[in-house]
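For reference, the chains in residue letters:
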Amino acid sequence: MDAHPQRHPIVDIRLTPVLISDPPLLNVQGVHQPYTPRLVVEVVTDSGVTGVGETYGDTKYLELARPYADSLLAARHELSDLNGLFTLMNDLPVDDARVDHSVDVGGLRGVQSADKLRLSVVSAFEVACLDALGKTLGVPVHTLLGGKVRDSVEYSAYLFYRWAEHPGGAGEKDDWGAAVDPEGIVAQARRFVREYGFGSFKLKGGVFPPEQEVAAIRALAEAFPGHPLRLDPNGGWSAATSLRVAAELADVLEYLEDPASGTRAMAEVSAGTDVPLATNMCVTTFGEIREAFLGDAVQVVLSDHHYWGGLRNTRELAAICRTFGVGLSMHSNTHMGISLAAMTHVAATVPNLDYACDSHYPWQSEDVVVDRPVFRDGRLAVSDAPGLGVALDRDALDRLHRRWLADDGTLRDRDDAAAMRLAPGHEEWRTPTLPRW
Ligand SMILES: O=C([O-])C(=O)C[C@H](O)[C@@H](O)C(=O)[O-]
Ligand SMILES: [Mg+2]
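Note that the structure is a prediction, hence the values are computed from the model and not measured.

## What to know about the overall build of the protein chain
Moving on, step 1. For the protein chain, the helix and strand inventory stands at 14 helices and 16 strands.
Moving on, step 2. On the principal axes, the C-alpha backbone points of the protein chain span a range of 65 × 50 × 45 Å.
Moving on, step 3. For the protein chain, the proportion of its 437 residues judged to be buried stands at 60%.
Moving on, step 4. By element, 51% of the accessible surface of the protein chain is carried by carbon and sulfur atoms, the whole surface being about 16500 Å².
Moving on, step 5. In the protein chain, 40 positive and 61 negative side-chain charges are present, and the distance between their average locations comes to 2 Å.

Structure follows, in structure tokens:
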């Protein structure tokens, strides 16, 4: 027997920040910028195997990813030592100025803390290591996570109020047109069904007064009878408004997502309605679970492997949810095919994945992977190829990186309120104080 199991030290790490095209999608904070920053992480082993991961690309993530990569290289970190990824990261200081606000990106990513920032960076390295490990061993990532329990993963249509184009015609154009009323939202949903086959719908709310968003959900219910519907105003409503909306839509909602901001307000809403409440804002770290679960503030957690710290942490979250009888699904920000593959692998391994997952991916016209994933009947097939089953398109990566290099810094940090101020009539726009309604 070999007393010295083969080791695969990481000998090179490439960090490539990119800006990817994003449509003018509206939310409670403002509007998406024409380009969104993402970070592509590549780890290379001494045997020449490369693994890829992806995470947020805003400055504070890059500032941490660089010294982290240096310390992994200095340690010749062993590819299979996934737990060690966290140990090494914990030794790195985080600039307090980067996390001194209690919420991130105007609250869309929940509470911000040094640990969460660390986990969001580690997640990309963990995924990259799993990818490289899978390729080294000749097995898919889901096998490294214990094996898939389903062959495909269901996603839902992520509907957004949106403008036809960015202020001043900035960025890339698309042919979706504007959607600012119930008719526009139903038309958008029909196209999602036609092109991707989605069977459930989530509407990003918090954009218009609640009555208008209730009308949009009613229009969807009429157009797609019996299909699961969700509404997510990102904490934009008071508890009283949330309860009113819940009562009005109780017969058609699968769940209401973060109607009010913070665990306490969510618990108040939860106590007054039978509509399940989901969150990707008040439970985004392990430390927030206790209060929310014991107080019955949420019935569904929308995990996000980026800020929960990777695929194995997502499975730990799933086990806790299972223990407490809390449902589980997945949240999404703007992301590319690397993260979609990672989401699909972990989702395939979680027995209690109770709802169709969110994904922004259909809104993304650009990617850094070749053979972009294709939704069929609203589902993605789980890849059985070694690793994640994605290959980098180096030309695309280079092009999107050059866009990042050329940017003067305006777009390197996501700021939906700043993007909103560029729209005529919104020059004075400020991130709204919650609750807005
Ligand atoms: O609450 C959510 O589902 C999100 O925060 C998802 C995205 O951030 C979405 O709101 C967006 O990008 O506008
Ligand atoms: Mg949400």
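Picking up after the structure, the text goes on.
## What to know about the coordination of the magnesium ion (ligand 2)
Moving on, step 1. Taken together, the protein ligands of the magnesium ion (ligand 2) are Asp232 (OD), Glu257 (OE) and Asn280 (OD1), with distances of 1.9 to 2.2 Å.
Moving on, step 2. Sequence spacing of the donors to the magnesium ion (ligand 2): D-x24-E-x22-N. Residue Glu257 is found in strand S10 (residues 253–257), and its partner Asn280 is found in the loop between strand S11 (277–279) and helix H9 (289–294); the two are separated by 23 residues along the sequence. Considered together, Glu257 and Asn280 belong to a single accessibility category, that of buried residues.

## Focus on the sheet that holds S10
Moving on, step 1. Spatially, S7-S8-S9-S10-S11-S12-S13 is the arrangement adopted by the seven strands of the open sheet, whose pairing is parallel. Sheet topology places strand S7 (157–160) and strand S13 (327–330) at the edges, where each strand pairs with a single neighbour. If you compare each strand with its neighbour and ignore which way they point, the axes differ by 25 degrees on average.
Moving on, step 2. Where S11 meets strand S12 (residues 300–303), two bridges bridge the pair, whose relative direction is parallel. Across the sheet, Thr279 pairs through a bridge with Val301, a residue of S12.

## Observations regarding the pairing of S10
Moving on, step 1. Burial analysis of S10 places four of its five residues in the buried class, which makes it a mostly covered element.
Moving on, step 2. Where strand S9 (residues 229–232) meets S10, three bridges bridge the pair, whose relative direction is parallel. Bridge assignment links Leu229 to a residue of S10, and that residue is Leu253.
Moving on, step 3. In the classification by handedness, the crossover that spans S9, the intervening helix H7 (residues 239–249) and the parallel S10 is right-handed.
Moving on, step 4. Pairing of S10 with S11, which is carried by two bridges, proceeds in the parallel orientation. Counted as the bridge partner of Glu257 is Ala278 from S11.
Moving on, step 5. Remark: the S10/helix H8 (residues 263–271)/S11 crossover connection has right-handed handedness.

## What to know about the UniProt feature "domain: Mandelate racemase/muconate lactonizing enzyme C-terminal" (unreviewed entry) in the protein chain
Moving on, step 1. Those residues carrying the UniProt feature "domain: Mandelate racemase/muconate lactonizing enzyme C-terminal" (unreviewed entry) are residues 182–276 in this numbering.
Moving on, step 2. Overall, residues 182–276 shows 52% helix and 14% strand. The separation of its end C-alpha atoms is 23 Å.

## Section: the sheet that holds strand S1 (residues 10–21)
Moving on, step 1. Spatially, three strands are ordered S1-S4-S5 in an open sheet, and the strand pairing comes out antiparallel. In the strand order of this sheet, the two ends are held by S1 and strand S5 (50–56), each with one partner. Taken pair by pair, the neighbouring strands of this sheet meet at an average axis angle of 20 degrees, ignoring direction.
Moving on, step 2. Relative to strand S4 (residues 35–45), S1 runs antiparallel, the two being bridged by eleven bridges. Bridge assignment links Ile20 to a residue of S4, and that residue is Thr36.
Moving on, step 3. Helix H3 (residues 114–137) rests against S1, S4 and S5 of the sheet, and its axis sits at about 160 degrees to S5.

## Some remarks on the domain arrangement of the protein chain
Moving on, step 1. Along its sequence, the protein chain is organised into domain 1 (10–142 + 394–421) and domain 2 (146–388).
Moving on, step 2. Computed over C-alpha atoms, the centres of domain 1 and domain 2 are 22 Å apart.
Moving on, step 3. If you look at the interface, domain 1 gives 55 residues, while domain 2 gives 62 residues.
Moving on, step 4. For the domain 1 and domain 2 pair, buried surface summed over both sides reaches about 4500 Å², with 62% attributable to carbon and sulfur atoms.
Moving on, step 5. The tally of links from domain 1 across to domain 2 stands at four salt bridges.
Moving on, step 6. Put simply, Arg399 and Glu366 hold a salt bridge, and the shortest N to O gap is 3.6 Å.
Moving on, step 7. Joining domain 1 to domain 2, the criterion identifies 29 residue pairs in polar contact (both at pLDDT 80 or more).
Moving on, step 8. When residues of the side of domain 1 that touches domain 2 are assigned to their parent elements, the largest contribution, ten residues, is made by H3.

Procedures and definitions
- Residues numbered from 1 in each chain as written.
- Chains lettered and ligands numbered in written order.
- Predicted model: local features only at pLDDT ≥ 70, side-chain atom pairs only at ≥ 80, totals over all residues.
- Heavy atoms only, no water.
- Helix = DSSP H or I, 4+ residues; strand = E, 2+ residues; numbered from the N terminus.
- Buried < 20%, exposed > 50% of the residue type's maximum accessible area, 1.4 Å probe, protein only.
- Areas by Shrake-Rupley, 256 points an atom, 1.4 Å probe, with all protein chains shown as cover.
- Lys, Arg positive; Asp, Glu negative; His and termini not counted.
- Charge placed at Lys NZ, Arg CZ, Asp CG, Glu CD.
- Donors = N, O, S within 2.8 Å, 3.2 Å for Na, K, Ca; no water.
- Pairing = 2+ DSSP bridges.
- Axes fitted to C-alpha atoms, helices over the stretch in contact; angles between N-to-C directions.
- Right-handed = clockwise from strand over helix to strand, strands pointing away.
- UniProt positions renumbered as here; feature names shortened; annotations may be inferred.
- Contact = heavy atoms within 4.5 Å.
- Domains from an automatic or database assignment.
- Buried area = accessible area lost by both parts, 1.4 Å probe.
- Salt bridge = Lys/Arg side-chain N within 4 Å of Asp/Glu carboxyl O.
- Polar contact = N/O pair within 3.5 Å; in protein donor to acceptor, adjacent residues only side chain to side chain.

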